[in-house]
Amino acid sequence: QVQLVESGGGLVQAGGSLRLSCAASGRTVTGLAMGWFRQAPGKEREFVASMSWTGGFTYYVDSVKGRFIISRDNAKKTAYLQMNSLKLEDTSVYYCAAGAAPPAAATPQASWDYWGQGTQVTVSS
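Each value, and the rule that gives it
Residues numbered from 1 in each chain as written. Predicted model: local features only at pLDDT ≥ 70, side-chain atom pairs only at ≥ 80, totals over all residues. Heavy atoms only, no water. Helix = DSSP H or I, 4+ residues; strand = E, 2+ residues; numbered from the N terminus. Rg over C-alpha atoms; globule rule 2.2 N^0.38 Å. Buried < 20%, exposed > 50% of the residue type's maximum accessible area, 1.4 Å probe, protein only. Contact = heavy atoms within 4.5 Å. Lys, Arg positive; Asp, Glu negative; His and termini not counted. Charge placed at Lys NZ, Arg CZ, Asp CG, Glu CD. Polar contact = N/O pair within 3.5 Å; in protein donor to acceptor, adjacent residues only side chain to side chain. Core = buried A, V, L, I, M, F, W, Y, C linked by side-chain atoms within 4.5 Å.

J.: Would you mind going over the overall build of the protein in detail, with residue names and values included?
T.: Within the protein, the regular secondary structure consists of 0 helices and 11 strands. Ordered by position in the sequence, the α and β elements of the protein form the string β-β-β-β-β-β-β-β-β-β-β. Taking 14 Å as the expected radius of gyration for a compact globule of 125 residues, we find that the protein reaches 13 Å, a close match to that expectation. Dimensions along the principal axes, computed over C-alpha positions, put the protein at roughly 40 × 25 × 25 Å. Taking all 125 residues of the protein together, the buried fraction comes to 43%. Residue pairs in contact within the protein that sit at least 24 positions apart in sequence constitute 59% of those at least 6 positions apart. Side-chain charges in the protein split into 11 positive and 8 negative, and the spacing between the mean points of these groups amounts to 5 Å.

J.: For the side chain of Thr78, give the residues involved together with the corresponding values.
T.: Counting through the fold element by element, Thr78 comes out in strand S8 (residues 78-83). A polar contact of 2.9 Å, which involves the side chain of Thr78, links it to the backbone oxygen of Lys76. With sequence-adjacent residues up to four places away left out, Thr78 is seen in contact with Ser21, Cys22, Ala23, Arg72 and Asp73.

J.: Summarise the nonpolar core; cite the residues concerned and give the values.
T.: Counting 27 residues, the largest nonpolar core has Leu4, Trp36, Val48, Phe68, Leu81, Met83 and Tyr94 as the members making the most contacts within it. Where this core is concerned, the elements lending two or more residues are strand S1 (2-7), strand S3 (18-26), strand S4 (33-39), strand S5 (46-51), strand S7 (68-73), S8, strand S9 (92-99) and strand S11 (119-124). In terms of residue count, the dominant contributor to this core is S3 (4 residues). Not counting the four nearest positions on each side in its chain, Tyr94 is found in contact with Glu6, Leu20, Trp36, Phe37, Arg38, Val48, Phe68, Leu81, Met83, Gly118, Thr119 and Val121. Grouped together as the second largest cluster of nonpolar side chains are 5 residues, Ala33, Phe37, Phe47 and Ala97 included.

Right, dumping it as structure tokens:
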């Protein structure tokens, strides 16, 4: 089993930045892709970004391209999501996920093996 714990969420003004962290513990995460998803009130959870184990492949939803950057430090078993130029519509609960399936944006959410509990990001005007 892998446990994922997100941190770094909070309240930020539009145009501001936040960096989310996702710390993994438990069994090794070697070889696992890591991703970020989000769910706004009344909406389905959606893919945000993902990265392969080596970092050689990254994927982003169109709405965050150029603003968000996913990264990971495998030695620390931690993934990050740097969020810049935040918009009101970025307000959501952000979830970290890890899994052995290809980290492509089209990969079904059910294919991700492990999920964190989520961290709230609220962008205010």
